[in-house]
Number of protein chains: 2
Amino acid sequence: MSSPAPKDSPPTTERGRQRRDALLDAAQRLFLEHGYGQVSVNDIVAQAGGSLSTLYRHFGNKEGLFQAMIERRSHHIYDTLTAEGVDELPVEAALQRLGIDLLIKVMDEETLGIYREVVAESPRQPPLARLFFDGGPGRVRQALADYFERRMQRQLMPACDSVELAGIFLGMLLGEWHLIRVLQLESPPSRAAMEKRVERCADLFLRGAMADRTE
Amino acid sequence: MSSPAPKDSPPTTERGRQRRDALLDAAQRLFLEHGYGQVSVNDIVAQAGGSLSTLYRHFGNKEGLFQAMIERRSHHIYDTLTAEGVDELPVEAALQRLGIDLLIKVMDEETLGIYREVVAESPRQPPLARLFFDGGPGRVRQALADYFERRMQRQLMPACDSVELAGIFLGMLLGEWHLIRVLQLESPPSRAAMEKRVERCADLFLRGAMADRTE
DNA sequence: CTCAATGTGTAGTGTAGACTACACTATCTT
DNA sequence: AAGATAGTGTAGTCTACACTACACATTGAG
């Protein structure tokens, strides 16, 4: 009786798409700046222009809007992270290029904001967690694992669980830095500092992971 | 005019301490299970017994209660992580012991709950972030860095920034695993799986970090 | 005994905010 | 021209909840 069917309307008309995007843009700005719980749907409509009814037509409810915006955003962010042409580079260079690109993205204030909101809301909205992970961090890990896989096939590195290895590399890259920025305990590191970190990590990782494991 | 002075009352009487603790216990259970925003102060009083007035006398407001409970908790959790006697072990064993202890703590549902709540609330309550970091993750990193420092003094490993190195090791240890558990995307890993992870990380780390860096 | 501090219980107050109702308009298609 | 489809705008309902007020109990010190 009272299942209002949260609409997932594919926008048919051009005008519709514009209005929908305007709502998503406003939601993004406000949610990331003030937090999901602190922003009212009215605030969003005020920011976007347009009308409350439209918001509900498109997204069904506040959660629907939130999920749509997270999905759009995590896809967009990580779409710009490509592993193009990385196979032609020496390993060190490859890891460094991927590493610095990733680090910059991840330390970006917008990405941090999304992370905070997803962590905060995921216990109440489990689908959100998958949406975010598969669209973002999970994809990066997979891309790196694929790279390792190709190298293994070419006998360029010892065989092992490529996904786990990718996770380890990414973990050491972010390390404490991510938490420190998530909690805003220090100001953002400079580009130079990030490059130094990446170099250090890639170096340590290569020594550790590429050697034959013959014990 | 309207600064009600969030009290930080040191409880004078024994009865007072009991009531205060009961409130903190209830707050902990409810906040960690449902989230700060979803729990009302009335819920907490209902759970703790006692009265709303007492809550406000002790903590001033809802935020005060939250901060008191986070502080108590993050201290308690990491207090049980000791680096006792680790200097007498071979490095591999030392890293493995510290690693497995830490991993178990960090993957524990209570610890994850605190992490989620702190991440969620820290933008609105910055002091919280420091409280948590310095009482928890920061202390662990420092303890590990101190250990490295001692080894460097004894020429047992090449000199370098010990704090950064500690961060790298801890980062690779947690890697994706932490996020996956924070978002509840997979069920908790078995003790055996954690041990395997620690071994792998310690091994990779030692190969990479302990070798002389003569380039 | 008494008085001061602390705890209890109830019953508000004020506000914010998610969601709905409804009457109206713009656009497009055939 | 007509009617379907989508957007607008306002006003309102209903509920949840942080925080306060106030009158009453308990305890313990001197």
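Residues numbered from 1 in each chain as written. Chains lettered and ligands numbered in written order. Predicted model: local features only at pLDDT ≥ 70, side-chain atom pairs only at ≥ 80, totals over all residues. Heavy atoms only, no water.

### Description of the domain arrangement of chain A
A common measure of how large an interface is: the accessible area buried when the components associate. Residue and element names in this part refer to chain A. Here is the rule: Note: domain ranges come from an automatic or database domain assignment. Any two residues whose heavy atoms approach within 4.5 Å are treated as being in contact. Accessible area, probed at 1.4 Å, shrinks when two parts are joined; the buried area is that loss added up over both.
Parsing chain A into structural domains produces domain 1 (14-60) and domain 2 (75-210). Using only C-alpha atoms to locate each centre, domain 1 and domain 2 end up separated by 31 Å. Contact residues are listed per partner, giving five residues for domain 1 and six residues for domain 2. Contact between domain 1 and domain 2 buries roughly 430 Å² in total, counting both sides, with carbon and sulfur atoms accounting for 58%.

### A look at the protein's contact with DNA strand C
To be explicit about the condition: When we say a residue is near a molecule or strand, we mean one of its heavy atoms is within 4 Å of it. Think of a polar contact as two N or O atoms within 3.5 Å of one another; within protein, one of them needs to be a possible hydrogen donor and the other a possible acceptor, and neighboring residues in sequence only count if both atoms come from side chains. Labels follow the DSSP assignment, with helices taken as runs of H or I lasting at least four residues and strands as runs of E lasting at least two, numbered in each case from the N terminus. All amino acids are sorted into three groups, where Ala, Val, Leu, Ile, Met, Phe, Trp, Tyr, Cys and Pro are nonpolar, Asp, Glu, Lys and Arg are charged, and the leftover types, Gly among them, are polar.
Residues in contact with DNA strand C amount to 17 residues; listed here are only the nearest, A:Ser40, A:Val41, B:Ser53, B:Thr54 and B:Arg57. Atoms of DNA strand C within 4 Å of the protein belong to the sugar or the phosphate in 59% of instances, the rest to bases. The backbone of A:Val41 places a nitrogen or oxygen atom 2.7 Å from a phosphate oxygen of DNA strand C. B:His58 is positioned such that a nitrogen or oxygen atom in its side chain is 3.4 Å from a phosphate oxygen of DNA strand C. Contributing elements (two or more residues each) for the surface near DNA strand C: helix H3 (52-59) of chain A together with helix H1 (14-34) and helix H3 (52-59) of chain B. Here the surface near DNA strand C takes four residues from H3(B), the largest share from any one element. Class assignment of the residues belonging to the surface near DNA strand C gives a composition of four nonpolar, nine polar and four charged.

### A look at the nonpolar core
The line we're drawing: In these notes, a set of buried Ala, Val, Leu, Ile, Met, Phe, Trp, Tyr and Cys residues joined through side-chain atoms within 4.5 Å is what counts as a nonpolar core. Throughout, exposure labels follow a simple rule: accessible area from a 1.4 Å probe, protein chains only, divided by the maximum for the residue type, with under 20% read as buried, over 50% as exposed, and the rest as partly exposed.
Core analysis: the largest hydrophobic core is formed by 143 residues, its most contacted members being A:Phe148, A:Phe205, B:Phe148 and B:Phe205. With residues up to four places along the chain from it excluded, the contact list for B:Phe148 reads B:Leu95, B:Met157, B:Ser162, B:Leu165, B:Ala166, B:Phe205 and B:Met210.

### Structural notes on the environment of B:Met157
Residues and elements named next belong to chain B. As for its position among the elements, Met157 is in the loop between helix H8 (137-153) and helix H9 (162-182). The exposure class assigned to Met157 is buried, which follows from its relative accessible area of 6%. Between the alpha carbons of Met157 and Ala211 there is a distance of 7.9 Å; along the sequence they are 54 residues apart. If sequence neighbours within four positions are ignored, Met157 has contacts with Phe148, Arg151, Met152, Leu165 and Met210.

### Things to note about the packing of helix H1 (residues 14-34) of chain A against helix H6 (residues 109-121) of chain A
All names here are of chain A. Here is the rule we go by: In this analysis an axis means a line fitted to C-alpha atoms, helices contributing only their contacting stretch, and an angle means the value between N-to-C directions, from 0 to 180 degrees. Under this scheme an angle from 65 to 115 degrees is roughly perpendicular, one under 35 degrees roughly parallel, and one over 145 degrees roughly antiparallel; angles in between are oblique.
Direction vectors running N to C along H1 and H6 enclose 75°, while the axes themselves pass 9 Å from each other. Our classification of the angle between H1 and H6 gives roughly perpendicular. Residue-level contacts link Gln28, Phe31 and Leu32 of H1 to Glu110, Gly113, Ile114 and Glu117 of H6. In terms of residue class, the contact of H1 with H6 is made up of three nonpolar, two polar and two charged.

### Some thoughts on the packing of aromatic side chains
Residue and element names in this part refer to chain B. For clarity, the threshold we go by: By convention, a stacked pair of Phe, Tyr or Trp rings (six-membered ring in the case of Trp) has centres within 6.5 Å and planes under 30 degrees apart, an edge-to-face pair has planes over 60 apart, and any other such pair is tilted.
Taken as a whole and assessed by the stated rule, the structure comprises 12 aromatic pairs over all chains. On the basis of an interplanar angle of 90° and a centroid distance of 5.2 Å, the ring pair of Phe31 and Phe66 is categorised as edge-to-face. A residue pair is termed long-range when its members are at least 10 positions apart, and Phe31 in helix H1 and Phe66 in helix H4 (residues 62-79) qualify at 35 residues. Overall, the relative accessible area of 0% leaves Phe31 in the buried class.

### Here's the deal with the protein's contact with DNA strand D
Surveying the vicinity of DNA strand D reveals 19 residues, the closest of which are A:Ser53, A:Thr54, A:Arg57, B:Ser40 and B:Val41. Taking all atoms of DNA strand D within 4 Å of the protein, the share assigned to sugar and phosphate is 58%. One of the backbone nitrogen or oxygen atoms of B:Val41 is found 2.8 Å away from a phosphate oxygen of DNA strand D. For the surface near DNA strand D, the element with the highest residue contribution is H3(A), accounting for four residues. Counted by class, the surface near DNA strand D contains four nonpolar, 11 polar and four charged residues.

### Examining the interface of chain A and chain B
The line we're drawing: A carboxyl oxygen of Asp or Glu within 4 Å of a side-chain nitrogen of Lys or Arg is what we treat as a salt bridge.
Each partner contributes to the interface: chain A provides 46 residues, whereas chain B provides 47 residues. When the two sides are added together, the surface that chain A and chain B hide from each other amounts to roughly 4,000 Å², 61% of it contributed by carbon and sulfur. Of all residues in chain A, the largest losses of buried area upon contact with chain B belong to A:Arg200, A:Leu204 and A:Arg207, amounting jointly to 16% of the total for that side. One can count four salt bridges joining chain A with chain B. Residues A:Arg200 and B:Glu164 are paired through a salt bridge, measuring 2.8 Å at the closest nitrogen-oxygen approach. Scanning the region where chain A abuts chain B turns up seven residue pairs in polar contact (both at pLDDT 80 or more). Those elements that provide at least two residues to the side of chain A that touches chain B are H6, helix H7 (126-135), helix H8 (137-153), helix H9 (162-182) and helix H10 (191-210) of chain A. Ranked by the residues each element gives to the side of chain A that touches chain B, the list is headed by H9(A), at 11 residues.

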